[in-house]
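Results of the structural survey
The lines below spell out each chain.
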Amino acid sequence: KNLLKKLLGIMVLGLLFTVKANSSSLPSDAIILNCASDDATVAFETLIIPSTKEGLYMGAYGSSVEELKWNDSYYQIDGLFNEGISRYSFKVNRSTGRFSALWYGANGSMDGSITTTGYCAKKEENKF
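Residues numbered from 1 in each chain as written. Predicted model: local features only at pLDDT ≥ 70, side-chain atom pairs only at ≥ 80, totals over all residues. Heavy atoms only, no water.

Applying the stated rule across the entire model yields 1 disulfide. Each sulfur in the disulfide pair C35 and C120 lies 2.1 Å from the other. Judged by the torsion about the S-S bond (105°), the C35/C120 disulfide is right-handed. Note that C35 is positioned in strand β1 (residues 31-37) and C120 in strand β8 (residues 114-122), a separation of 85 residues in sequence. Overall, C35 belongs to the buried group, its relative accessible area being 4%. Judged by relative accessible area, C120 falls into the buried class, the value being 4%. (Disulfide = S-S within 2.5 Å. Helix = DSSP H or I, 4+ residues; strand = E, 2+ residues; numbered from the N terminus. Buried < 20%, exposed > 50% of the residue type's maximum accessible area, 1.4 Å probe, protein only.)

Glycine aside, residues mostly have negative phi angles, and peptide bonds mostly take the trans form. For A40, which is not glycine, the phi dihedral falls at a positive 60°. When you line up the elements, A40 lands in the loop between β1 and β2 (43-49). Classification of A40 by relative accessible area gives exposed; the value is 66%. The backbone phi angle of K53 is positive, close to 55°, even though this residue is not glycine. Within the secondary structure, K53 is located in the loop between β2 and β3 (54-57). Since its relative accessible area comes to 57%, K53 is described here as exposed.

Here we come to the layout of surface pockets. In this model, the second largest pocket occupies a volume close to 170 Å³. What lines the second largest pocket is a set of 13 residues, and nearest its centre among them are L33, N93, R94, G97 and K122. Of all the secondary structure elements, the ones that give two or more residues to the lining of the second largest pocket are β1, β6 (86-93) and β8. Ranked by residue count, the leading element in the lining of the second largest pocket is β8, at 4 residues. Residue composition of the lining of the second largest pocket, by class: 7 nonpolar, 4 polar and 2 charged. (1 Å grid on protein atoms, 1.4 Å probe; cavity = no way out; pocket = protein on both sides within 12 Å on 5 of 7 lines; lining within 4 Å. Points joined across faces, edges and corners; volume = space filled by probe spheres on them. Nonpolar A, V, L, I, M, F, W, Y, C, P; charged D, E, K, R; others polar.)

Our next topic: the sheet that holds β1. The antiparallel open sheet is built from 8 strands, whose spatial order is β3-β2-β1-β8-β7-β6-β5-β4. Where the open sheet ends on each side, the last strands, each with one partner, are β3 and β4 (64-70). The average angle at which neighbouring strand axes cross in this sheet is 25°, direction not considered. (Pairing = 2+ DSSP bridges. Axes fitted to C-alpha atoms, helices over the stretch in contact; angles between N-to-C directions.)

Moving on, we come to the environment of G105. On the secondary structure map, G105 appears in strand β7 (residues 98-105). The exposure class of G105 is buried, given its relative accessible area of 19%.

By the criterion of burial, β6 is predominantly enclosed, with 6 of the 8 residues buried. Relative to β6, strand β5 (residues 74-81) is paired through 8 bridges, and the arrangement is antiparallel. Of the residues in β6, the one forming a bridge with I77 is F90. In this structure, β6 lies alongside β7, joined through 7 bridges in antiparallel fashion. When the sheet's bridge partners are listed, F90 is paired in β7 with A101. Adjacent in sequence and paired antiparallel, β6 and β7 are bridged by 4 residues, among which G97 carries a positive phi angle near 85°.

Here it is in structure tokens:
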């Protein structure tokens, strides 16, 4: 039983150091957002890196980023998800944190499209 506790402790510490190393290796302008839908059915993280025009939208399974756009008012990530079967557009208001996400057909068709709205906040650094 003690051996199991020690192994679990080692795994947890290893994970903590890995997460800290990964977050510290991001560019200084990287922004990590914790987001949740208004109805609280969906929660996810989003990574935005303005200097490299890259991002990662974790709200869509198997997503890839084609384009990151931003200005003083918003960040917007557009790309493919569901292994290229569908498209998405994720937009966050930089003043309020409100987001809207639109999923639609890969060919641009809006038939069966889905829109989700919610709120994002900057992820707080771990205190330990």
